[in-house]
Structure formats: structure tokens, C-alpha cells
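Structure assessment
The residues making up each chain are set out below.
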Amino acid sequence: MNNSRFFKALALCLLIAGTLDIADALIFYGLRGVPPAGLLRFIAGCLVGVSALHGGWAMAALGLAIHYTITLFWSALFLLAASRLPFLTRHAIASGLLYGALIYVLMNFVVLPLTRLPPRSHHLAPAVLINGVLALLLFMGLPIALIAQRFTRE
């Protein structure tokens, strides 16, 4: 995949996977009474700390920027791997779902514990766990792999 195709694929991953994933979170938590700005400030809190939870729209914007930056990272990583490992795009559905599972595990058991927010003191409710896993499988891993497949075939 040449540079032009890589950046087109990356932009499409960012737009589709990033937007699907944040839309899922906004809807899921919105139905549970969490306002959109509150969810985005929580994301910012991972970098800034607890003070972000009480911030304004600037903190919400930072949270959205962080979300898309994380999506950019995971997308670029898969696109680079797919350009060197053709089986990832030959089996795009399976590799995308597995990649979404890998993202879930790494984000929840490696990245989040390293953030500036206090560790969770309780287990996740089943609905939160199921939504979190499915969102990363279906809205992050799968679209990234399908986009990689499209851009490596042309």
C-alpha cells in the first residue's frame, strides 16, 4: 500500500470506526443518564485527571480529540500490519473481530489502569461489559479490517 492509499484508508478508518465507536458510547451512556459532555470529559480525565470531570466544553473537546487519536493509533497499527501480513485482509472479518477483542483487552487491562483516573473499585455491570466488547469488535476492529481489505486489494 503506497503512502497515498495508506492515508486515505487511515482517514476512512478514523471517520467510520472513530465515529461509530463514539456514537455507540454516547448513545449507550446517554440512555443511562450520562450527558455527552460528561462522557467526553471522562475521556479527557484519563489524561488530565479527575479535574477534567468538572471542566467545561474545552475538556469535552479534549476528550473527543483523545478518542479520535486513540482510533488513529489502532487504525494505523492494523493498516501497517495488514500491508505486511496479507492473511489479515484475506480473512478480514475474523481478523477484524479478533483485533477488536485485542483492543478491548489492551485498553481495559493495560491502558486504562495507567490513566490519571482512580482505578475502578467495582466490577462492570453486564450490560456495560457486553456493550464495551461488542462496540470494539463491531465498530472498531471490523470496520478497520474491512477498510484495510478494500485498500490493499485495489
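Above this text you will find the structure in question.
Description of the structure in this document. (Residues numbered from 1 in each chain as written. Predicted model: local features only at pLDDT ≥ 70, side-chain atom pairs only at ≥ 80, totals over all residues. Heavy atoms only, no water.)

**Digging into the environment of Leu102**
The condition that has to hold: In DSSP terms, a helix is any run of H or I states spanning at least four residues, a strand is any run of E spanning at least two, and both are numbered starting from the N terminus. Here's how the labels work: a residue is buried when its accessible area is under 20% of the maximum for its type, exposed when over 50%, partly exposed in between, all with a 1.4 Å probe on protein chains only.
On the secondary structure map, Leu102 appears in helix α5 (residues 92-111). According to the relative accessible area criterion, Leu102 is partly exposed, its value standing at 41%. Separated by 35 residues in sequence, Leu102 and Leu137 place their C-alpha atoms 9.0 Å apart.

**Observations regarding the side chain of Asp21**
Worth spelling out the cut-off: Should any heavy atoms of two residues lie within 4.5 Å, those residues are considered in contact.
Tracing the backbone shows Asp21 in helix α1 (residues 3-30). Note on Asp21: relative accessible area 13%, which makes it buried. Setting aside chain neighbours within four positions, we find Asp21 in contact with His67, Ala135, Leu136, Phe139 and Met140.

**A few points about the packing of α1 against helix α3 (residues 57-84)**
When two helices pack together, their arrangement is given by the angle between the helix axes and the distance between those axes. Basically, it comes down to this: Lines fitted to C-alpha atoms define the axes, with helix axes restricted to the stretch in contact, and inter-axis angles between N-to-C directions lie between 0 and 180 degrees. The labels follow the angle: roughly parallel below 35 degrees, roughly antiparallel above 145, roughly perpendicular from 65 to 115, and oblique for the rest. The sense of a crossing depends on the near helix, which, turned anticlockwise from the far helix by less than a right angle, makes the crossing left-handed and, turned clockwise, makes it right-handed. Here the nonpolar group is Ala, Val, Leu, Ile, Met, Phe, Trp, Tyr, Cys and Pro; Asp, Glu, Lys and Arg are the charged ones; every other residue, Gly included, is treated as polar.
Between α1 and α3, the least distance of the axes is 9 Å, while the angle of their chain directions is 130°. Between α1 and α3, the angle is such that the two are oblique. Helix-helix and strand crossings are classified by hand; for α1 and α3 the assignment is right-handed. Along the contact surface, α1 presents Phe6, Ala9, Leu10, Cys13, Leu14, Ala17, Gly18, Thr19, Asp21 and Ile22, while α3 presents Leu64, His67, Tyr68, Thr71, Leu72, Ser75, Ala76, Leu79 and Leu80. Classifying every residue of the contact of α1 with α3 by side-chain character gives 13 nonpolar, five polar and one charged.

**Focus: a nonpolar patch on the surface**
For clarity, the cut-off: Without a salt bridge and with relative accessible area above 30%, a residue can belong to a patch; like charges are then joined within 9 Å and nonpolar side chains (Val, Leu, Ile, Met, Phe, Trp, Tyr) within 5 Å. Surface exposure here means Shrake-Rupley accessible area, sampled with a 1.4 Å probe, where a residue is shielded only by the protein chains that are shown. Salt bridge, as applied in this entry: a Lys or Arg side-chain nitrogen positioned within 4 Å of an Asp or Glu carboxyl oxygen.
A cluster of nonpolar side chains, namely Val105, Phe109, Val110, Val111 and Leu114, defines an oily patch on the protein surface of about 480 Å² accessible area. By the secondary structure assignment, Val110 is in helix α5.

**Points about the packing of aromatic side chains**
Here the distance between the centres and the angle between the planes together describe a pair of aromatic rings. The following threshold applies: Centres within 6.5 Å are what make two rings of Phe, Tyr or Trp a pair, Trp counting through its six-membered ring; a difference in plane orientation under 30 degrees is then read as stacked, over 60 as edge-to-face, and the rest as tilted. To sit over a ring, a charge needs its Lys NZ or Arg CZ within 6 Å of the ring centre and within 35 degrees of the ring normal.
For the coordinates displayed, the defined rule picks out five aromatic pairs. With a centroid separation of 5.0 Å and an interplanar angle of 85°, the aromatic rings of Phe28 and Tyr29 are classed as edge-to-face. What makes Phe28 buried here is its relative accessible area of 10%. An aromatic cluster is defined as three or more aromatic residues linked by ring pairs; in this entry it consists of Phe73, Trp74, Phe78 and Tyr99. For the cation-ring pair, Arg32 lies above Phe28, with the distance from its terminal atom to the ring centre recorded as 3.7 Å. Taking NZ or CZ as reference, Arg150 lies 5.0 Å from the ring centre of Phe151, over its face.

From the geometry alone we can't say anything about function, so treat these as descriptive.
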